[in-house]
2 protein chains.
Amino acid sequence: MNEIFSLLEKNKLSRTPCRIEVLKTLKLAGSALSEAEIREKIGDHFDRTTVYRTLRSFLKEDVIHSISLDGGGVRYALSPHKEVAHSSHHVHFFCNDCNSVYCISHQAFETPELPKGFMAESFDLLIQGSCRKCKK
Amino acid sequence: MNEIFSLLEKNKLSRTPCRIEVLKTLKLAGSALSEAEIREKIGDHFDRTTVYRTLRSFLKEDVIHSISLDGGGVRYALSPHKEVAHSSHHVHFFCNDCNSVYCISHQAFETPELPKGFMAESFDLLIQGSCRKCKK
DNA sequence: ATTAAATTTGCAACAAGGTTGCAAATATTT
DNA sequence: AAATATTTGCAACCTTGTTGCAAATTTAAT
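Residues numbered from 1 in each chain as written. Chains lettered and ligands numbered in written order. Predicted model: local features only at pLDDT ≥ 70, side-chain atom pairs only at ≥ 80, totals over all residues. Heavy atoms only, no water.

Draft legend 1. Local environment of the nonpolar core. One finds A:Phe93, A:Leu125, B:Phe93 and B:Leu125 to be the most contacted residues of the largest nonpolar core, which totals 22 residues. Broken down by secondary-structure element, the contributors of at least two residues to this core are strand S3 (89–95) and strand S5 (119–130) of chain A together with strand S3 (89–95) and strand S5 (119–130) of chain B. (Core = buried A, V, L, I, M, F, W, Y, C linked by side-chain atoms within 4.5 Å. Buried < 20%, exposed > 50% of the residue type's maximum accessible area, 1.4 Å probe, protein only. Helix = DSSP H or I, 4+ residues; strand = E, 2+ residues; numbered from the N terminus.)

Draft legend 2. Quick look at the environment of A:Glu21. Within the fold, A:Glu21 resides in helix H2 (residues 17–29). By relative accessible area, which is 26% here, A:Glu21 ends up partly exposed.

Draft legend 3. Region of the structure containing the protein's contact with DNA strand C. For DNA strand C, the set of nearby residues contains 21 residues, the closest of which are A:Arg19, A:Thr50, A:Arg53, B:Arg48 and B:Tyr52. B:Tyr52 is positioned with one of its side-chain polar atoms (N or O) 2.8 Å from a phosphate oxygen of DNA strand C. Breaking the surface near DNA strand C down by element, the ones donating at least two residues are H2 and helix H4 (48–60) of chain A together with helix H4 (48–60) and strand S2 (74–78) of chain B. Among the elements that take part in the surface near DNA strand C, H4(B) stands out by supplying five residues, more than any other. Here the surface near DNA strand C is built from residues that sort into five nonpolar, eight polar and eight charged. (Near = heavy atom within 4 Å. Polar contact = N/O pair within 3.5 Å; in protein donor to acceptor, adjacent residues only side chain to side chain. Nonpolar A, V, L, I, M, F, W, Y, C, P; charged D, E, K, R; others polar.)

Draft legend 4. Focus on the interface of chain A and chain B. Each partner contributes residues to the interface: chain A has 37 residues there, and chain B has 37 residues. Carbon and sulfur atoms supply 60% of the area that chain A and chain B bury against each other, a total of about 3,100 Å² over both sides. Sorting the residues of chain A by area buried against chain B places A:Pro112, A:Phe118 and A:Asp124 first, and these three jointly supply 18% of that buried surface. The tally of links between chain A and chain B comes to zero salt bridges. (Contact = heavy atoms within 4.5 Å. Buried area = accessible area lost by both parts, 1.4 Å probe. Salt bridge = Lys/Arg side-chain N within 4 Å of Asp/Glu carboxyl O.)

Right under this line is the structure:
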């Protein structure tokens, strides 16, 4: 709980109920959640708009990051700690069975060569398959 | 033009005006387009619904594939020829300046190790940066 | 502790992207 | 050419996300 307060403070975000709840929820989840999932877990205490605005503040300060899925959905997850973050290489895993999304932001990976004239700034890898819970 | 007809035939898709126009548009574009862009290029001859249904048929038969962008948008592009396709490694490039999306499906790339218990089936890499036209 | 100023919240309304049901219009099969 | 199967357009709807505005809450200043 203190971690949550200090996360807010560190990023100059005021300590409001919605922000606290959203952070708690994301922290507890361990996997990346959609806005609908977040609101469902919190239990309908806040307006949809408020949650979206909260997410936007968090995104702006890099407290969370968003993951765009194959087929259009978006999930939100706590960002890794500052040292590791912003490495410009992001890896996420989507489980085709349970639809969970995990951040595998730890290791880097070899990037392919680009055609002449292209200049890369960031790399986002989405791996799809079966997660450890669903593998049979 | 004949290529388009044979693409449809090969995939058992009837030769309808909308299908022909969408294929022509995607072929001409060279980069991946959103449904709105496709319809705009065609010139408002078909209903939004019809274009979406056309895209869905194409996706099902792997005539085209979809690319989910960072931040939520989706683009559609002709699939590479069958021999290359389905390699389970897909690479796309998004230009932050002109918003174009290019398919770089040619070369494979090294994939990172996954935590124990995870089993990968496909890899989608989205690279963001400046394309050859926009690099200064 | 109180007040004033700055932020955040809820609500209603809206926009973009995408889907569904159904009847009319086309294609395909025979 | 007739019968059957597909595709089309329309209206309606869903989800995700945003905006404007007034009311409520936080934070800063006294």
